[in-house]
There are 2 protein chains.
Amino acid sequence: MRTAFHEQLEGLAASIAEMCGLAGASMERATQALLQADLLLAEQVITDYEAIVLKAAAAEERAFSVLALQAPVAGDLRAVVSAIKNVADVDRMGALALHVAKLARRRHPAKVLPEEVNGYFTEMGRIAVDMGNSVKDVVLSGDPDRAAQLDDDDDDMDNLHRHLFNVLMEREWKHSAASAVDVTLLSRYYERFADHAVEIARRVIFQVTGEPAGTAPSASTDDQP
Amino acid sequence: MRTAFHEQLEGLAASIAEMCGLAGASMERATQALLQADLLLAEQVITDYEAIVLKAAAAEERAFSVLALQAPVAGDLRAVVSAIKNVADVDRMGALALHVAKLARRRHPAKVLPEEVNGYFTEMGRIAVDMGNSVKDVVLSGDPDRAAQLDDDDDDMDNLHRHLFNVLMEREWKHSAASAVDVTLLSRYYERFADHAVEIARRVIFQVTGEPAGTAPSASTDDQP
């Protein structure tokens, strides 16, 4: 029998899933803003982040209501606390898209990136959007296969991040140190975006199956270059 | 009358406070390891992080027990959820000290930093340790004045972070791009460490007073350079 509790939990999952989609869309726009020095798009990401913050606050209030009114225990309690943590992670994903957009705005009308690294960020942006969509699906479906795909995407992101650092560190970097600083921070923003998506997916899968998802703790991916 | 609930909540605060102290001590050692290319000290920070992770897991379990057994509502419920979030932030502080230590280890026996920026990191390390101790006190005392001091420390950290980027970006950076990458990431680690300390302090003060502490949302400090 479906209970009021489970309906509320599903409502909470739906709003977290929506936020995941929004964070992915923001990172997509932020990447465009970055690559094309598009000020309007950057401004839109910056404005849209406010909506993510409001949705995060609303989702958290929703979780509080469930805890206060239903006083869940055991697995049900963990599911709600897990949702509260997911809200924090997805809010952070939105904040990282915001950081990308703000850097694009700060350097406008100049482009932030030297031509030769555009390809890396095009690809990192594409992966970030995919991950936003995948984690949205995982939150809604609890599908472990879809979650496993997020781990693969995260590996791809880490590889790009590492390669990019190699470009900066091992070859002759022909551009300014200023430009190296921007590229370093941007690469870190994408990599952290992916980490948070993986965190959410793992938390959902652990909630569904009782088994840790993936092969490595997320901390290992947060340790680049 | 003191209730079992409030005793449990105090126990939880005590373990979070302990973790804050440990994270500060780790950042102190990591800074030494960084400045002196001290491999043993770096290894110690890396090992010590495991203890922080275990304590975080234990504190979270403790919070779950309180929720499950006491089913608190209203302010009491918020206090426990707030504690769970504080655990996540202090764990992250430990992870950031770990990142500093790992970078020191990766470059050993070379020093990571060019001589001319040592002073910045000495000072950032000093502020980080102070903030670890201050946030420990805030968690135990709920003292708004002590929390306000954390905001000042965070401003100092942000200023150092900005100045350091100016060194990298505006003057002639005589060192390699590789070195600029390391300095950028390190500076970001210290700055984020400070942000998490401020997050915890603000959450505690909001819990105690019902009023937001400080003058600006933490997001504003997480937006450098």
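Residues numbered from 1 in each chain as written. Chains lettered and ligands numbered in written order. Predicted model: local features only at pLDDT ≥ 70, side-chain atom pairs only at ≥ 80, totals over all residues. Heavy atoms only, no water.

Undergrad: What is the right way to look at the overall build of chain A in this model?
TA: A tally of helices and strands in chain A yields 6 helices and 0 strands. Listing the helices and strands of chain A from first to last along the sequence gives α-α-α-α-α-α. For 225 residues, the compact-globule estimate of 2.2 N^0.38 gives 17 Å, and chain A sits close to it at 18 Å. Carbon and sulfur atoms make up 53% of the accessible area of chain A, which amounts to about 9200 Å² in all. For chain A, the distance from the average site of its 22 positive side-chain charges to the average site of its 36 negative ones is 4 Å. (Helix = DSSP H or I, 4+ residues; strand = E, 2+ residues; numbered from the N terminus. Rg over C-alpha atoms; globule rule 2.2 N^0.38 Å. Areas by Shrake-Rupley, 256 points an atom, 1.4 Å probe, with all protein chains shown as cover. Lys, Arg positive; Asp, Glu negative; His and termini not counted. Charge placed at Lys NZ, Arg CZ, Asp CG, Glu CD.)

Undergrad: Please explain the relation of the copies chain B and chain A as it appears in this structure.
TA: Relating one copy of the chain to the other takes a rotation about an axis and a shift parallel to that axis. You can overlay chain B on chain A at an RMSD of 0.0 Å; the transform is a turn of 180° with a shift of 0.0 Å along its axis. What the rotation and shift describe, once combined, is the action of a two-fold rotation axis. Counting the interface residues of chain B, we find that 100% of their copies in chain A are interface residues as well, pointing to one common contact surface. (Least-squares fit on C-alpha atoms with pLDDT ≥ 70 in both. Contact = heavy atoms within 4.5 Å.)

Undergrad: Explanation requested: the interface of chain B and chain A in the structure shown.
TA: Interface size is often expressed as the accessible area that is lost when the parts come together. Listed by partner, the interface residues are 35 residues for chain B and 35 residues for chain A. Interface of chain B and chain A: buried area, both sides summed, is about 3300 Å²; carbon and sulfur atoms make up 62% of it. On the chain B side of the contact with chain A, B:Phe64, B:Met169 and B:Val181 bury the most area, a combined 15% of that side's loss. Counting the contacts that link chain B with chain A gives 4 salt bridges. Linking chain B with chain A are 4 residue pairs in polar contact (both at pLDDT 80 or more). (Buried area = accessible area lost by both parts, 1.4 Å probe. Salt bridge = Lys/Arg side-chain N within 4 Å of Asp/Glu carboxyl O. Polar contact = N/O pair within 3.5 Å; in protein donor to acceptor, adjacent residues only side chain to side chain.)

Undergrad: Looking at this structure, how should I read the side chain of B:Ser82?
TA: Residues and elements named next belong to chain B. For Ser 82, the location among the structural elements is in helix α3 (residues 74–107). Given a relative accessible area of 7%, Ser 82 falls into the buried group. Contact partners of Ser 82, with chain neighbours within four places excluded, come to Arg 203 and Gln 207. (Buried < 20%, exposed > 50% of the residue type's maximum accessible area, 1.4 Å probe, protein only.)

Undergrad: Before we go on, may I ask you to explain the pattern of salt bridges in this structure?
TA: When the charged atoms of two side chains with opposite charge come close together, those side chains can pair. Here the structure, examined in full by the defined rule, presents 28 salt bridges over all chains. Note that A:Asp151 is salt-bridged to A:Arg202, the shortest N-O span being 2.8 Å. In this pair, A:Asp151 sits in helix α5 (residues 144–169) while A:Arg202 sits in helix α6 (residues 177–209), placing the two residues 51 residues apart along the sequence. Residue classification places A:Asp151 among the buried residues on the basis of a relative accessible area of 13%. The shortest N-O distance in the salt bridge between B:Arg126 and B:Glu123 comes to 2.7 Å. Here B:Arg126 and its partner B:Glu123 are both found in helix α4 (residues 118–141), 3 residues apart, which amounts to about one turn of the helix. Given the relative accessible area of 41%, B:Arg126 is considered partly exposed.

Undergrad: Teacher, can you tell me more about the UniProt feature "domain: PhoU" (unreviewed entry) in chain A here?
TA: On the UniProt side, "domain: PhoU" (unreviewed entry) is annotated at positions that read residues 16–103 and 122–204 of chain A here. Split by type, residues 16–103 of chain A is 94% helix and 0% strand. Its first and last C-alpha atoms lie 27 Å apart. (UniProt positions renumbered as here; feature names shortened; annotations may be inferred.)

Undergrad: Quick question: what am I supposed to make of the packing of α4(B) against helix α6 (residues 177–209) of chain B here?
TA: Helix packing for two helices is described by the angle between their axes and how far apart those axes are. Residue and element names in this part refer to chain B. Relative orientation of the contacting elements α4 and α6 amounts to 20°, with a least axis distance of 10 Å. With respect to α6, the axis of α4 lies roughly parallel. Taken as a pair, α4 and α6 cross one another with a handedness that is left-handed. Across the interface between the two elements, Phe 121, Met 124, Gly 125, Ala 128, Met 131, Val 135, Val 138 and Val 139 from α4 touch Val 183, Leu 186, Ser 187, Tyr 190, Phe 193, Ala 194, Ala 197, Val 198, Ile 200, Ala 201, Val 204 and Ile 205 from α6. (Axes fitted to C-alpha atoms, helices over the stretch in contact; angles between N-to-C directions. Parallel < 35°, antiparallel > 145°, perpendicular 65-115°, else oblique. Left-handed = near helix turned anticlockwise from the far one by under 90°.)

Undergrad: Help me understand the environment of B:Arg105 in this model?
TA: Residues and elements named next belong to chain B. Among the secondary structure elements, Arg 105 is positioned in helix α3. The spacing of Arg 105 and Gln 32 is 73 residues in sequence and 12 Å in space, taken between C-alpha atoms. Once you skip the residues sitting within four places of it in the chain, Arg 105 turns out to touch Leu 39, Ala 42, Glu 43 and Ile 46. Among the polar contacts made by the side chain of Arg 105, one reaches the side chain of Glu 43 at a distance of 3.2 Å.

Undergrad: Could you clarify how one ought to interpret the packing of aromatic side chains in this entry?
TA: Two numbers describe a pair of aromatic rings. These are the distance of the centres and the angle of the planes. On inspection of all chains with the given rule, the structure shows 2 aromatic pairs over all chains. When the ring centre of B:Phe64 is taken as origin, the NZ or CZ atom of A:Arg78, which lies over that ring, is 4.2 Å away. (Phe/Tyr/Trp six-rings, centres within 6.5 Å; stacked < 30°, edge-to-face > 60°. Lys NZ or Arg CZ within 6 Å of the ring centre and 35° of its normal.)

Undergrad: Explanation requested: unusual backbone geometry in the structure shown.
TA: It is generally the case that most residues other than glycine have a negative phi and that most peptide bonds are trans. Residue and element names in this part refer to chain A. Each neighbour pair has its own omega, and for His 108 with Pro 109 the value is 5°, a cis peptide bond. One non-glycine residue with positive phi stands out, namely Ala 37, at about 50°. You can see Ala 37 is positioned in the loop between α1 (4–36) and α2 (39–70). You can call Ala 37 buried: its relative accessible area is 15%.

Undergrad: Is there a simple way to think about the environment of A:His108 in this case?
TA: Residue and element names in this part refer to chain A. Tracing the backbone through its elements, the reader meets His 108 in the loop between α3 (74–107) and α4 (118–141). Residue classification places His 108 among the partly exposed residues on the basis of a relative accessible area of 31%. Taking the C-alpha atoms as reference points, His 108 and Ser 82, 26 residues apart in sequence, are found 39 Å from one another. The residues contacting His 108, other than those within four sequence positions of it, are Ala 37 and Leu 39. From its side chain, His 108 meets the backbone oxygen of Ala 37 in a polar contact 3.5 Å long.

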